[in-house]
Amino acid sequence: MKPKTIIEKIWENHVVYREDGKPDLLYIDLHLVHEVTSPQAFEGLRQKGRKVRRPDLTFATMDHNVPTVNRFVIEDEVARNQISALERNCREFSIPLADLHSEEQGIVHVIGPELGLTQPGKTIVCGDSHTSTHGAFGALAFGIGTSEVEHVLATQTLWQHKPKTLQIRIDGKLGEGVTAKDVILAIIGRYGVDVGTGYIIEFTGEVIRNMSMEERMTICNMSIEAGARAGLVSPDETTFAYLRGRKYAPKGEEFEKAVERWRALATDEGAEYDKTIEIDASTIAPMVTWGTNPAMSTSVDGTVPHPEDFSSETEQKAVRRALEYMGLKPSTPITEIPVQHVFIGSCTNSRISDLREAAKIVKGKKVAKGVRALVVPGSQQVKKQAEEEGLAQIFIDAGFEWRDSGCSACLGMNPDIIPEGEHCASTSNRNFEGRQGKGARTHLVSPAMAAAAAIYGHFVDVRKLQKEPVH
Amino acid sequence: MKPFTVHKGKVAGIDRANIDTDQIIPKQFLKRIERTGFGKFLFYDWRYIDGEKPNPDFELNRPENEGATILVANENFGCGSSREHAPWALQDYGFQAIIAPSFADIFYNNCLKNGLLPIRLAKQDVEYLLRESTKADYELTISLEDQRVYDDNGFERTFDIDPYRKQLLLKGWDEIDLTFVYEPYIAEYEKKHCPLP
């Protein structure tokens, strides 16, 4: 039999109906729902008198709008309405909901894996582009729009053309202080924000194999920033170990049977991809974005570029515009950019290992004068664990604000907004104009780099810092 | 969905690449639970100074672009967030088609679901249209049936579109109704792979 990629295997397992000249009708195993992209879909169902086909394959939470202090007091009336609309809709259509009172609440892409809902081989969708996160488990997971949310609610399927396959292979060893975030930022920086358009990415190679599930999630999360709707990693022992014992994962003998099925999903030796990119891990350094898309980045020991460094006129114009927006001058060393805000959080980097990495840097130090620093755990469970491990106290003692879970300043739909003209070292995924607030100047970095920026008030090369173990 | 067949209209250009959906419709407007009324917030941060005064430098505020129904922009239009509020805002503002050398995948899909036609043309054709769009009375005609874009000066190009999506657009069909036709296949699949608990 012809060797297959995991992408082809999952796809073929989910084709409900196939006909020439049409996309495939694909079955969806898990539909995650949040408050922002679902109300119009539920309204559509009501207008046509339609039902949710499989509430048991649907799971909802609220994350985008929720305040991270006094979470039950939502002062913004429009946001409050949207949250109560989700509560109403879940009640009406019998959809399980992790609401603000639930210990399971959190960012949808953090709680899916945490609860064991995310499993290898599943097709997973959500009205959110960072659904690609779940690909870390060897699931085919992608973001959809509200019309598609409605379609999945009503039919548990989607009409989809099979995308092309892109292998990104990262071999070698990562240097000290270089993290999963730096790897994905480096990939996007080198190959551009649309290298993955029309493709599903499979991340392979020694570096990925050696990564924890949380690191793989960081990588897959930002596949969409490379233009790919989905990015995934073939499952292995690391995947199975993570899932064992999770609330919604199979139990006992069922789990062992599932592991056998999951193991068979991994890409076969000799399978072919439509495109392959190879990266040597040793060439990757801690990264900082200087511009207004995630490809506009350089290593921490680099400088802000000149527009003339870029070949096309369109790029030069974009760089000029970005530098003006960011208030940066060409040739400025990255380590001389002052930082007034630090945000550690988001579906990219708000898991327990992210907080541990940041805490290592922060322990025993103080946030620099004039810097406001936030830690927003990805879920209430992460929050609880971080408190039990003493991480929360390390952050609080250093002068960080310690918050409840939610999307928070990644996109500023709740009150956590970065003021105009101020620079923010952020562990989130998008540095678009206005993303964190109108005129806010976002620099995407790893949790360790963000923590270091909080302590020093400017970017520093974490490779040069003396790290102190937390435990 | 309103059918899309032939459209003739005025062209506005924004010569930027990687226009993300955060620019098309900023997050503070995503809290509404309706599908309508997003047009006044389209390109909000670029379009207004301090949230009220129109920014005279922004392309859509130029007098020659008033009443435009076709938008031309550069590569990777609609990247970033999956928010369908982006096509809703473009459509509510009055746009019926977007032309660019490339689109982000999720945005492209979202447009098709709403009868807003995304058209991919070669980079040099887009450059030509961006130049022409600065003229006050420049118009294009788009025929979906024969997949053609043309102006009155002899410019004429064909474009690709998936035949299934094309049919849906031409007819203005509700995709969910159409999928219900395949319900027996879905039920069969579920019986085998995904039974009810």
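For clarity, every value in this text was computed on a predicted model and none was experimentally measured.

1. So, the overall build of chain A
Summing up its helical and strand segments, chain A has 15 helices and 19 strands in all. Here chain A has a C-alpha radius of gyration of 21 Å; the compact-globule value for 471 residues is 23 Å, and the two agree. Seen through its principal axes, chain A has C-alpha atoms that stretch 55 × 55 × 50 Å. By residue count, 67% of the 471 residues in chain A fall in the buried class. For chain A, the proportion of contacts with a sequence separation of at least 24, taken over those separated by at least 6, is 77%.

2. Considerations on the overall build of chain B
For chain B, the count of helices and strands is eight helices and nine strands. For chain B, the spread of C-alpha atoms along the three principal axes comes to 60 × 40 × 25 Å. Going through the 197 residues of chain B one by one, you find that 60% of them count as buried. Within chain B, contacts between residues at least 6 apart in sequence are counted, and of these 66% link residues at least 24 apart. Counting only carbon and sulfur atoms, one obtains 50% of the accessible surface of chain B, whose full area is about 8,100 Å².

3. As for the UniProt feature "binding site: [4Fe-4S] cluster" (unreviewed entry) in chain A
All names here are of chain A. Under the UniProt annotation, the feature "binding site: [4Fe-4S] cluster" (unreviewed entry) is placed at Cys-347, Cys-407 and Cys-410. The annotated residues occupy 64 residues of the chain but converge on a single region, no pair of C-alpha atoms lying more than 8.7 Å apart. Relative to the helices and strands, Cys-407 is located in the loop between strand E17 (401-402) and strand E18 (423-426). By relative accessible area, Cys-407 is classed as buried at 9%. Those residues in contact with Cys-407, other than ones at most four positions away along the chain, are Asp-63, His-64, Ile-107 and Phe-343.

4. Quick look at unusual backbone geometry
Residues and elements named next belong to chain A. In this structure, Ser-331 takes a positive phi of about 75° despite not being glycine. You can see Ser-331 is positioned in the loop between helix H11 (313-326) and strand E15 (341-344). The backbone of Ser-346 shows a phi angle near 85°, a positive value even though the residue is not glycine. Tracing the sequence through the fold places Ser-346 in the loop between E15 and helix H12 (352-362).

5. Some remarks on the domain arrangement of chain A
For an interface, size is often stated in terms of accessible area lost upon the parts coming together. Residue and element names in this part refer to chain A. Here chain A is described as being made up of domain 1 (6-275) and domain 2 (287-463). On a C-alpha basis, the centres of domain 1 and domain 2 stand 24 Å from each other. Facing the 42 residues of domain 1 at the interface are 41 residues of domain 2. Carbon and sulfur atoms make up 57% of the surface buried where domain 1 meets domain 2, a total of about 3,300 Å² over both sides. Taken together, the connections running from domain 1 to domain 2 amount to two salt bridges. The salt bridge involving Arg-430 is made with Glu-225; its shortest N-O contact spans 2.5 Å. Here domain 1 and domain 2 share 24 residue pairs in polar contact (both at pLDDT 80 or more) between them. Elements represented by at least two residues in the side of domain 1 that touches domain 2 include exactly helix H4 (108-114), helix H6 (180-191) and helix H8 (213-221). Across the side of domain 1 that touches domain 2, the residue classes break down as 15 nonpolar, 17 polar and 10 charged.

6. What to know about the sheet that holds strand E12 (residues 275-280) of chain A
Residue and element names in this part refer to chain A. In spatial order, the strands read E11-E10-E9-E12; together these four strands make up an open sheet with parallel pairing. In the strand order of this sheet, the two ends are held by strand E11 (230-232) and E12, each with one partner. Between one strand axis and the next, the sheet turns by 20° as a mean value, whatever way the strands run. Pairing geometry for strand E9 (residues 164-171) and strand E10 (residues 199-204), over six bridges, is parallel. Along E10, the bridge assignment pairs Arg-169 with Thr-204.

7. Some words on the packing of aromatic side chains
Within this structure, the stated rule accounts for 28 aromatic pairs over all chains. Ring centres 4.7 Å apart and planes at 65° place the aromatic pair Phe-29 of chain B and Tyr-44 of chain B in the edge-to-face group. Of the two residues, Phe-29 of chain B is situated in the loop between helix H1 (21-24) and helix H2 (44-47) and Tyr-44 of chain B in helix H2; the sequence distance between them amounts to 15 residues. When sorted by exposure, Phe-29 of chain B lands in the same class as Tyr-44 of chain B, which is buried. Between the aromatic rings of Phe-43 of chain B and Trp-46 of chain B, the centroid separation amounts to 5.7 Å while the plane-to-plane angle is 5°, which identifies the pairing as stacked. Among the residues examined, Phe-43 of chain B registers a relative accessible area of 0% and is labelled buried. Every member of this aromatic cluster is reached through a ring pair, and the members are Tyr-17 and Trp-159 of chain A together with Tyr-164, Tyr-182 and Tyr-185 of chain B. In this structure, Arg-32 of chain B packs its charged tip against the face of Phe-38 of chain B, placed 4.8 Å from the ring centre. Over the face of the ring belonging to Tyr-108 of chain B we find Arg-120 of chain B, whose NZ or CZ atom lies 4.1 Å from the ring centre.

8. Considering the nonpolar core
Considering soluble globular proteins, one finds that nonpolar side chains tend to be buried as a cluster. If you look at the biggest cluster of nonpolar residues, it comprises 112 residues, and the most contacted ones within it are Phe-400 of chain A together with Phe-43, Phe-77 and Leu-90 of chain B. Lining this core are residues from two domains, each supplying at least three of them: domain 1 (6-275) and domain 2 (287-463) of chain A. Other than its neighbours up to four places away in sequence, Leu-90 of chain B contacts Ile-24, Leu-42, Phe-43, Leu-71, Phe-77, Phe-95, Ile-98, Phe-107 and Leu-116 of chain B. Within the second largest apolar cluster, 80 residues are counted, among which are Val-15, Ile-28, Ile-184 and Ile-219 of chain A.

9. Notes on the interface of chain A and chain B
In this complex, chain A contributes 69 residues to the contact, which on the side of chain B involves 57 residues. Contact between chain A and chain B buries roughly 5,100 Å² in total, counting both sides, with carbon and sulfur atoms accounting for 54%. On the chain A side of the interface with chain B, the three residues burying the most area are Gln-40, Arg-53 and Trp-159 of chain A, jointly 12% of the side's total. One can count 11 salt bridges joining chain A with chain B. When the shortest N-O distance is used, the salt bridge between Arg-50 of chain A and Asp-177 of chain B registers 2.7 Å. Run the count over chain A and chain B and you get 37 residue pairs in polar contact (both at pLDDT 80 or more). For the side of chain A that touches chain B, the secondary structure elements donating two or more residues are strand E1 (15-17), strand E2 (24-27), helix H2 (39-48), helix H3 (77-92), helix H5 (146-155), strand E8 (157-160) and H11 of chain A. Examining the composition of the side of chain A that touches chain B, we find that seven residues originate from one element, H5 of chain A, more than from any other.

Rules of the game
- Residues numbered from 1 in each chain as written.
- Chains lettered and ligands numbered in written order.
- Predicted model: local features only at pLDDT ≥ 70, side-chain atom pairs only at ≥ 80, totals over all residues.
- Heavy atoms only, no water.
- Helix = DSSP H or I, 4+ residues; strand = E, 2+ residues; numbered from the N terminus.
- Rg over C-alpha atoms; globule rule 2.2 N^0.38 Å.
- Buried < 20%, exposed > 50% of the residue type's maximum accessible area, 1.4 Å probe, protein only.
- Contact = heavy atoms within 4.5 Å.
- Areas by Shrake-Rupley, 256 points an atom, 1.4 Å probe, with all protein chains shown as cover.
- UniProt positions renumbered as here; feature names shortened; annotations may be inferred.
- Domains from an automatic or database assignment.
- Buried area = accessible area lost by both parts, 1.4 Å probe.
- Salt bridge = Lys/Arg side-chain N within 4 Å of Asp/Glu carboxyl O.
- Polar contact = N/O pair within 3.5 Å; in protein donor to acceptor, adjacent residues only side chain to side chain.
- Nonpolar A, V, L, I, M, F, W, Y, C, P; charged D, E, K, R; others polar.
- Pairing = 2+ DSSP bridges.
- Axes fitted to C-alpha atoms, helices over the stretch in contact; angles between N-to-C directions.
- Phe/Tyr/Trp six-rings, centres within 6.5 Å; stacked < 30°, edge-to-face > 60°.
- Lys NZ or Arg CZ within 6 Å of the ring centre and 35° of its normal.
- Core = buried A, V, L, I, M, F, W, Y, C linked by side-chain atoms within 4.5 Å.

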